[in-house]
Amino acid sequence: MNRPTDPRSVVMNLPRRDALDKLTGRTRYTSDLGVGVLHAAIVRSTVASARILRMDFAPALAIKGVRAIAQASDAPGLFGIGIADHPLLNGTRIRFKGEPLAAIAADTLEIARAAAAAVIVETEPLPAVMTMAEALSPDAPTLHPDWKSYELLRDGGIRGGNVAWEARVIRGDTDAAFARPDVTIVEDCFQVGRQNQLPFEPRCAVASFEDGRYHIHTSTQVPWTVRAVTAKALGVSASRVRVTVPAVGGGFGLKFDCTIEPIAAVLAQKTGRTVSLVHSREEENLTCLCRENAELRIRSAVTAAGEIVGREATVLMDCGAYGGEQVFLTTMTAHTLGGNYKLGSVRLNSRAVYTNTPPNGAFRACNGVYNTFFLERHTDNIARAIGMHPLELRRRAVLGDGDIGATGQVFQGDVLRPMLDRMAVLIDRTKDHRDKADGRLYGRATTVGTWFIFVGPSSATVNLNADGSATLVTSGVEIGSGTMVQALPQIVAATLGLSPDEVIVKSADTDAAGRDLGVGGGRATVSIGAASKMAAERVRDQILDIAAEMLQAQPEDLILTKGRVEIAGRPGTGMAITTAIARAEALFGPVSGNGNFTAPGVNALPGCAAGHFIEAIDIPVFAVHDCEVAVDPDTGHVEVLSYKVVQDVGLALNPRAIHSQIQGGVVQGLGYALHERVTVGPDGALEQPGFEQYLVPLAGDVVPVEIDLYEGAPSIGPLGTKGAGEVPILNVGAAVACAVSRAVGRDVSELPLTPPTVLALIQGRTGRMDHPQISAIWQDNLLARAT
Amino acid sequence: MPIELTLNGESIALDIDPRTPLLDVLRDRHGLTGAKAVCREGFCGACTVHIDGQAVPSCLRPIGLLQGCNVVTVEGLTAPGTLNRVQQAFIDHDVVQCGMCFPGMVMTLTTFLDGTPNPNRDEVKSALVGNICRCTGYERIIDAVLSIRSEGVA
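I would appreciate a short explanation of the overall build of chain A in the present structure.
Each helix and strand in chain A was counted, giving 22 helices and 31 strands. Since a compact globule built from 787 residues should have a radius of gyration of about 28 Å, the 27 Å found for chain A is in line with a globular shape. In terms of its C-alpha atoms, chain A occupies a principal-axis envelope of roughly 80 × 75 × 55 Å. A burial count over chain A gives 64% of its 787 residues as buried.

For this particular structure, what's the right way to read the state of the cysteines?
Evaluated as defined, the whole model comprises zero disulfides over all chains. Of all cysteine sulfurs, the one in C627(A) lies closest to C738(A), which takes part in no disulfide; the gap is 9.6 Å. Take C738(A): its relative accessible area is 0%, and that puts it in the buried class. C133(B) takes part in no disulfide bond, and the closest cysteine sulfur, belonging to C101(B), lies 3.6 Å away.

Hey, could you run me through the interface of chain B and chain A in this one?
It is common to report an interface's size as the accessible area lost on association of the parts. Taken together, the contact pairs 41 residues of chain B with 52 residues of chain A. Surface buried jointly by chain B and chain A totals about 3,800 Å² across both partners, of which 60% is contributed by carbon and sulfur atoms. In this assembly, chain B and chain A are joined by three salt bridges. Across the contact surface, chain B and chain A share 26 residue pairs in polar contact (both at pLDDT 80 or more). The set of elements that each furnish at least two residues to the side of chain B that touches chain A consists of helix 2 (85-92), helix 3 (102-115) and helix 5 (139-153) of chain B. Grouping the amino acids of the side of chain B that touches chain A by side-chain chemistry returns 22 nonpolar, nine polar and ten charged.

How do you make sense of the domain arrangement of chain B when you look at a structure like this?
All names here are of chain B. Each domain of chain B was delimited in the assignment, giving domain 1 (3-76) and domain 2 (85-153). Measuring from the centre of the C-alpha atoms in domain 1 to the corresponding centre in domain 2 gives 22 Å. Taken together, the contacts link 15 residues of domain 1 with eleven residues of domain 2. For the pair domain 1 and domain 2, the two sides together bury roughly 1,000 Å², of which 66% comes from carbon and sulfur. The interface formed by domain 1 and domain 2 contains zero salt bridges. The interface formed by domain 1 and domain 2 holds four residue pairs in polar contact (both at pLDDT 80 or more) in total. Counting residues per element, the side of domain 1 that touches domain 2 draws most heavily on strand 3 (residues 48-51), at three residues.

It is not clear to me how the pairing of strand 29 (residues 638-650) of chain A should be interpreted in this structure. Could you clarify?
Within a regular strand, side chains alternate between the sheet's two faces. Residue and element names in this part refer to chain A. For strand 29, the tally of buried residues reaches twelve of 13 residues, placing the bulk of the element in the interior. When strand 28 (residues 619-631) meets strand 29, the two strands line up antiparallel, connected through nine bridges. Among the inter-strand pairings, V624 is bridged to a residue of strand 29, identified as V646. The antiparallel pairing of strand 28 with strand 29 creates a hairpin that spans six residues between the two strands, and G636 there sits at a positive phi of about 80°. One ladder, built from seven bridges, connects strand 29 with strand 30 (residues 705-711); its direction is parallel. For D648, the partnering residue across the bridge sits in strand 30 and is Y710.

Would you explain the nonpolar core in this entry?
Membership of the largest hydrophobic core comes to 256 residues, with the highest contact counts inside it found for L496(A), Y643(A) and F90(B). Per-element tally for this core: the top contributor is helix 17 (residues 524-551) of chain A, with 13 residues. Aside from chain neighbours lying at most four places away, what touches F90(B) is L23(A), V95(B), F102(B), M105(B), V106(B), L109(B), I141(B), A144(B) and V145(B). Counting residues in each nonpolar core, the second largest holds 21 residues, with I3(B), L7(B), I12(B) and V25(B) among its members.

Quick notes on the rules
Residues numbered from 1 in each chain as written. Chains lettered and ligands numbered in written order. Predicted model: local features only at pLDDT ≥ 70, side-chain atom pairs only at ≥ 80, totals over all residues. Heavy atoms only, no water. Helix = DSSP H or I, 4+ residues; strand = E, 2+ residues; numbered from the N terminus. Rg over C-alpha atoms; globule rule 2.2 N^0.38 Å. Buried < 20%, exposed > 50% of the residue type's maximum accessible area, 1.4 Å probe, protein only. Disulfide = S-S within 2.5 Å. Contact = heavy atoms within 4.5 Å. Buried area = accessible area lost by both parts, 1.4 Å probe. Salt bridge = Lys/Arg side-chain N within 4 Å of Asp/Glu carboxyl O. Polar contact = N/O pair within 3.5 Å; in protein donor to acceptor, adjacent residues only side chain to side chain. Nonpolar A, V, L, I, M, F, W, Y, C, P; charged D, E, K, R; others polar. Domains from an automatic or database assignment. Pairing = 2+ DSSP bridges. Core = buried A, V, L, I, M, F, W, Y, C linked by side-chain atoms within 4.5 Å.

Pasting the structure below:
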C-alpha cells in the first residue's frame, strides 16, 4: 500500500519533552551517576615523545582503597578509523603529552588520583614533531615506524611516513586550464588553529561487568562505535559489550568517537564493581579531540567572466598522534573546498598528518568550517583580481541543476542561486547597521557553503501498545539537538495519527535496538527518521488491514487520526485505534513494525577520487550567510553588528527548533572566527586547560541571528527533510573573515581574528601568508612522488 | 565542630573538611546533582545555587564559610511538581538544548528578576555573563526572559 504521510500533519513547533527535568535539575547525565561506585583516574604521559622503559605500579597498589589497575596488556587491540593505529593504553611508545598509559580504580576519586600520581613511569626521550611542517620535513622522525604493519580498516588510502592518509581528486586537465592565455591565476595560502567543542558534560563513562558482559553507560553520540571499539581494544567479541546512553550534556562531534569508555570497562571487569570514569575539566581540555588545525595552498585559473576553469589545492590536516577522524575527513575536502562552485577542472590533495600532539576529532561541520573559510576568502581574492563584485562572481559560479561537483557528481536542482536571492531579500528587509559602526571600520560579506548529511545505516522498531500509544526503539541519543524529543516523535505520531506525546522514545541501548551510525553529521532526523517512518508505516498498514476487515471497508479508504481509525472524509464512522489493536492481539498478537535505512549511494565520475570514504554526497546541504562587522582601528576588536542565515533545510519539521539550532551554531562559529583559540606549546601540550584560557562566546558577545529557512531542495530524507543542526556553523568563519577583510582592506588569511591579529593586519605588520611545507607545484605534494 | 546550615529548607550538620566545596557536598553527600560540575573555577555558572538569596557558583564556596547560611538548589527552588516563571518561560519558548547549563541559568535569572522586575535586553545579557551556554547562542533565552517582563507589565 502506498500511502504518503502528509507533511502538514508532521510539521509543528513541538516543544521538548525533556525540558522540564532539565530545568529543574532532575535530568541524570552520565556524569551524575557516580554515587556508590568506584572511581577511576588515568595515568598520563608527561612528555610528548618517548620510549617507555618501565612502569612500576607498586607504589600505587600500596595505597589503601586502590582496587585495580588497567594497563596496556589489558587492551591489546589497536583501533582507529581507516587505519588501526591507536592503542587504548600505551605501554611502549608515547606519542603525545597526556596520552593514557594506565588507569586506576579506587574507593574514592581522591585515592584514584593519588594512586595515578604514584605510578612510576621511566622513559627514554625520542625526537618529537609538533607541527605539520616539521612532520613533513625530509629528516623528520616517524611517529609510527610500524605504519606498514597496521591493519587497514578501509582500502584505498595512500599512506606513508607521517602522512596517515591522503585523499586525492583529479578531474579534467588542470595543467591545460592554467596554461590558457585568457585566465587570471590567483594563488593563496591560509591556515586555522584548533577549536575545542567544550560540551558542558565532559567525556565520561560508568561501566559494570554483568553476566560475563561489559555494560557501559556513557555520554556518547555513537553507541555502536563504542561497542565496536571496546571489543576491538579489549580483544573480545562485540556481542559481549552493551552500551546505553542517558541524556548527553552536549557533544558537537567530540563524542562521535570512542575514547575512555573501554578503560572503564576493563576496570569494571577487574574489580567486579561499577566504575565511574569522568574527565576533569583540565583533562578534558588538554586531550580534547579538537577540530583540527589546518594549512592550505590553493590556486585557481579564472576567466574575466568569472568562469573557474582550473583549481588545485593541497590541504594539510593535523591528526595529532593518531589518525582518528582526520583520516575520514580527508574525504570531505572534495565536497567542501571542492564544493560551492562549478569547476572546469580540479585537483585536490587532502593529507592527514601525524604530529606529537593530542589527537584531533570531529566538530560540527568538521573541516567544512575551515575549508569554507579558505574557499570564500579565496573567492573574494579572485573577484578582486578579475575586477568583479564578489556577489556577482558567486551568482555566476555557484553550482546549479545538472552541474558537476569536484568528483564528478551531478547536482540536482538549483539551490544556491535562489538562496542568494532569498538572502538579498532578507538584507533588503532590514536596514544595514553601518551607523552602529560609529567611526569604526565597517565591512559586510555574503558567503556560500556546501556541507552534507552523513547518512548510512539506521534501524528502528515501533511497538503499538494496547493503550494506543507507540514505543519507538532506535539507537538514537539526545545530545541537545532535539531529534529524540521532537523530530522522531513528530514523524511517528503523524504516521500513526497520534499526538507526539503518545510516542515513547527509547534512548540508545545496543541490546535493544539495531545498529546505527550515531547522532552526528546531521544524520539523525534523516537516517533514524527514515527508519522510524518505515517502521511506523508497517504498523499503520497492519492496523488498517485489521480495521478494514472490522469496518468492511477497503484499507485504502481508511486513515489514522487522533487515536482513531476513520473512513477518510467521514469522521466518527470508524473506531478507536485501541479497538483495532485489541482485535489484532486476538488474531495474531501485538502489533509492531521494523524499519531500516542506509545510504542509497550517489555516483561520482569513475577514476576522479582516490582514498575517499565517500566519493559523492547523498544529501548536499547548502547555506548562505551574511555578516556585518565593525572593527576598532585602535584595538583590532571586531564587533559583529548583524548576522543573517538562509539555510537549506529540505522540509522544516519543527521551524522553532531549527531556529534554535541556527542561533546556537552561528554563535559557536562566531567563537571560532573571533576568539576561540587553542595553541600547542613547545612541549606539545595544548595551552588552554580551562574556561579562563579558552574563551567561548558569552551572552554579551552575541547577536540575534535573522533566519530564513529555504525549503524544497531535493532530499532523500523522510518527507524531504535534511538535518538542520550541524550546518549552521559552516560558513560563519568565512562570513566574518570576508567582512573583516573588506573592513580593514587587507587579506585575512587565518582564524581566529583576535584583536592582536586584526591590529597587526590593520597596521600592515602581517606579511603575505606562505606555506613552504606545501609545494607550489601541486604534484610535489603527492605521497607517491615524495617517497 | 560540625557546620550547620539550611539546605532546601532543612537544617543539616556536616562534620567534614571545611575546605570541601559546597558543590561536592550537594552532589556527593546529598545526591543533589542539579548543580553541575563543569569548570569548577567559577567561570561557567553551571553550579549556581542561592546562598542567603544570592545566586553564586557553589564550586568556589568552601563549606566551612557557610555556617548558618540558607542554601537553596534548583531542586529546592519550587515545590515539587511546580515551576517558577523562569522555568515556565524556558519551556514555553522551547529554549532548552543539552540542558547542562540550565539549572544554573534558572538560579541566576530567578534572583535577577526578583531584583530587576522589568529589565531591558542589555540588562538580561549582563545578568547572564556568568552563565555560559555552549548550545543555544543565548538570544532566544533572552527573548524568553523578556517575555516574563512584558507579561508582567501587561
